[in-house]
Amino acid sequence: MDRIETGAGARGSRTTSAKALRGLDALNFFLADVRDGLGPYLAIYLIAVRGPDQGWNEATTGLVMTIAGILGLVAQTPAGALIDATNHKRAVVIGGAIAVTASCLVLPFITNFYLVTATQSIAHVAGTIFPPALAAITLGLVGPKMFAKRIGRNEGFNHAGNAVSAALAGGLAYFFGPVVVFWLMGILAALSIGAMLMVPADAIDNDLARGMTEEEEQAQEKPSGLAALLQNRALLLFAVLCAIFHLANAAMLTSVGQLLTHLSGKDHATSLIAVCIVAAQCVMVPVAIFVGAKADVIGRKPIFLTAFGILALRGVLYTLSDNPFWLVGVQLLDGIGAGVYGALFPIVVADLTRGGGRFNAAQGAVATAQGIGASLSATLAGVIIVSAGYSTAFLALAAIAALGFVLYFALMPETRGAVRAGSEPESGGGRTPAVPARA
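Starting afresh in each chain, residues are numbered from 1 along the sequence in its written order. Given that the model is predicted, a residue must reach a pLDDT of at least 70 before its local features are reported, and side-chain atom pairs must reach 80 or more before they are shown or counted; all residues, however, enter totals for whole chains, interfaces and linings. Side-chain numbers here rest on the full set of heavy atoms in the structure, without hydrogens or water.

Quick look at the overall build of the protein
Here is step 1 of the chain: The helix and strand inventory of the protein stands at 19 helices and 4 strands.
Here is step 2 of the chain: Here's how the labels work: a residue is buried when its accessible area is under 20% of the maximum for its type, exposed when over 50%, partly exposed in between, all with a 1.4 Å probe on protein chains only. Scored against the burial criterion, the 439 residues of the protein give a buried share of 58%.
Here is step 3 of the chain: The contact criterion used is simple: two residues touch if any of their non-hydrogen atoms lie within 4.5 Å. Here the analysis covers contacts within the protein between residues at least 6 apart in sequence; of these, 80% occur between residues at least 24 apart.
Here is step 4 of the chain: Only the protein chains shown count as covering a residue, and every accessible area follows the Shrake-Rupley method with a 1.4 Å probe. Approximately 16,800 Å² of the protein is accessible, and the part contributed by carbon and sulfur atoms is 67%. Strands are runs of DSSP state E lasting at least 2 residues, helices are runs of H or I lasting at least 4, and numbering of each runs from the N terminus.

Looking at a nonpolar patch on the surface
Here is step 1 of the chain: For patches, a residue must show more than 30% relative accessible area and have no salt bridge; joins then use 9 Å for like charges and 5 Å for nonpolar side chains, namely Val, Leu, Ile, Met, Phe, Trp and Tyr. Should a side-chain nitrogen of Lys or Arg be within 4 Å of a carboxyl oxygen of Asp or Glu, the pair is scored as a salt bridge. Taken together, the side chains of V164, L168, L172, Y174, F175, F176 and W183 present a nonpolar region at the surface, about 770 Å² in accessible area.
Here is step 2 of the chain: Residue contributions to the nonpolar patch peak at 6 residues, all from helix 8 (residues 147–176).
Here is step 3 of the chain: Looking at the secondary structure, you find L172 in helix 8.

Some points on the side chain of T101
Here is step 1 of the chain: Checked against the element boundaries, T101 lands in helix 5 (residues 89–105).
Here is step 2 of the chain: Of the polar contacts made by the side chain of T101, one reaches the backbone oxygen of A97; its length is 2.8 Å. Nitrogen and oxygen atoms within 3.5 Å of one another constitute a polar contact, given that in protein one can donate a hydrogen and the other can accept it, and given that sequence-neighbouring residues count only through two side-chain atoms.

Digging into the environment of T119
Here is step 1 of the chain: Structurally, the position occupied by T119 is in helix 6 (residues 113–127).
Here is step 2 of the chain: For the pair formed by T119 and A99, sequence separation is 20 residues and the distance between their alpha carbons is 9.8 Å.
Here is step 3 of the chain: Each residue touching T119, except ones within four places of it in the same chain, is listed here: S103, V106, L107 and I110.
Here is step 4 of the chain: Polar contacts involving the side chain of T119 include one to the main-chain carbonyl oxygen of V116, which spans 2.9 Å.

Re the environment of V180
Here is step 1 of the chain: Along the chain, V180 falls in helix 9 (residues 180–197).
Here is step 2 of the chain: It is 9.2 Å that separates the C-alpha atoms of V180 and L168, two residues lying 12 residues apart in sequence.
Here is step 3 of the chain: With residues near it in sequence (within four places) discarded, V180 still touches A169, L172 and A173.

Observations concerning the confidence of the model for the protein
Here is step 1 of the chain: Mean pLDDT over the protein stands at 80; residues scoring 70 or higher make up 84%.
Here is step 2 of the chain: For the stretch residues 8–13, pLDDT sits under 50, and the model shows 14 contacts to residues farther than four places along the chain or on other chains. Each residue carries a pLDDT score, the predictor's own confidence in it, on a scale running from 0 to 100.

Considerations on the environment of Q331
Here is step 1 of the chain: With respect to the helices and strands, the residue Q331 is situated in helix 16 (residues 324–331).
Here is step 2 of the chain: Judged by its relative accessible area of 0%, Q331 is buried.
Here is step 3 of the chain: Through-space distance from the C-alpha of Q331 to that of G315 is 9.7 Å; in sequence the pair is 16 residues apart.

Considerations on the packing of aromatic side chains
Here is step 1 of the chain: For Phe, Tyr and Trp, rings pair up if their centres lie within 6.5 Å, where Trp contributes its six-membered ring, and each pair is then called stacked (planes under 30 degrees apart), edge-to-face (over 60) or tilted (otherwise). The full count for this structure, using the stated rule, is 13 aromatic pairs.
Here is step 2 of the chain: Ring centres 4.8 Å apart and planes at 15° place the aromatic pair F245 and Y341 in the stacked group. On the criterion of sequence distance, the pair formed by F245 in helix 13 (residues 233–264) and Y341 in helix 17 (residues 334–352) is long-range, its members being 96 residues apart.
Here is step 3 of the chain: Residue F245 is classed as buried on the basis of its relative accessible area of 2%.
Here is step 4 of the chain: Each ring, one from Y318 and one from F394, has its centre 4.8 Å from the other, and the planes form 35°; the classification is tilted. Of the two residues, Y318 is situated in the loop between helix 15 (300–317) and helix 16 and F394 in helix 19 (residues 390–411); the sequence distance between them amounts to 76 residues.
Here is step 5 of the chain: Accessibility expressed as a relative area gives 1% for Y318, which makes it buried.

Regarding helix 16
Here is step 1 of the chain: Among the residues making up helix 16, those that are buried are L327, V328, V330 and Q331. The buried side chains of helix 16 occupy one side of the element, clustering within an arc of 160° when seen end-on. Note: the arc covers the axis-to-C-beta directions of the helix.

Section: the pattern of salt bridges
Here is step 1 of the chain: By the definition in use, this model includes 6 salt bridges.
Here is step 2 of the chain: One salt bridge in this structure joins R300 and D351, with 2.7 Å as the shortest N-O distance. One end of the pair, R300, is in helix 15; the other, D351, is in helix 17, and 51 residues separate them in sequence.
Here is step 3 of the chain: A residue is classified by how much of its surface remains accessible, and R300, at 2% relative accessible area, is buried.
Here is step 4 of the chain: Each member of the salt-bridge network shares a partner with another, and the members are D25, R150 and R153.

Digging into the packing of helix 15 against helix 19
Here is step 1 of the chain: Relative to each other, helix 15 and helix 19 sit at 160°, their axes nearing to 7 Å. Classified by the interaxial angle, the pair formed by helix 15 and helix 19 is roughly antiparallel. Along this stretch, helix 15 crosses helix 19, giving a crossing that reads as left-handed. Facing K301, F304, L305, F308, G309, L311, A312, G315 and V316 of helix 15, the residues of helix 19 in contact are F394, L395, A398, A401, A402, G404, F405, Y408 and F409. All axes here are fitted lines through C-alpha atoms, helices being fitted over the stretch that makes contact, and every angle between N-to-C directions spans 0 to 180 degrees. By definition in this entry, angles of less than 35 degrees are roughly parallel, angles greater than 145 are roughly antiparallel, angles of 65 to 115 are roughly perpendicular, and the rest are oblique. Should the near helix be turned anticlockwise from the far one by less than a right angle, the crossing is left-handed, and should it be turned clockwise, the crossing is right-handed.

See below:
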């Protein structure tokens, strides 16, 4: 079997089989459409197919998404802690894929608000497994030195998978209606399970995957307590900034989908939103790969500031025209902002938690803050749309993104230096106090 040396880091050289790396590529590609459940298609399905006659509008749809999001965010930190603790990461990923898919496939057969909310809540809770699991498996396969580059590759395959699945959904929905997204999700879930099985369990270094160093393993140290995360001030600040980013970002695509439903009718809404997703995802692929390749060269902070700036600009541009082609064109900017965020999120968390064995729990904790922002975003946008219109909602989301830009620029240190043992993160022209990896 061909084996590839994937880099050296805290644990020295890591040699991983080509089959395992191909499996990781395939997993990110096929899991892309499964990991977020129905995503923006949920709003289109409930509004366009169910509609006001069955009690569904922007406000009730936003409420379902908020409730499910809140329950999902409660599960974020436990999900990360589970990934740190378990040596059966493949089984956890497979179980999560089955749970998310089953919860979504029952949606066409239920109409009750509470049942819809329950199924989507299950999907959100199960979906919390995927981000820390994929990052942990990657770190356990390639080691910290190659982690940034490999995360960029992961995100590239993830966005490519989203683009292909969205294109298929849009094309097939034109002939068979919005229900086609359910068929597609079931097929991709099965392919995801097959891809996960391509990665041998013994190829994943579980100590490395939880963020421990060679010295800690040799000393047979146990992972630090979860309380250590609360003493990491830079990590807490980053969590707040992630919440702000998603408060501004999460509702934008959903709101555009709802606007397109009103402008073009339910027969074309699914296809149009699929075009929006495909356009953005095609941009995200090179952006994610670029971020992974250059994050160690340029630094994390200037790239992250770009994501906030693009997000604010996108919100403003949505208000300039209701033309569907314009809205799709503006959606291309999501490829830059979301592409940067998706690639940098696990890299920055890894920077701030090097050593201590709580990398995945930290991902879950920060994702909890991120989830709070995303959950509130749907309700905030829905209420503003109903009371003041779409343009006001987009401008409000843009203002939140601008606030995030200012706070990141003024307060967040450069974390690139934290990947070197004993170094401190950089902040502008000076130095900040060391970011504690362990308490």
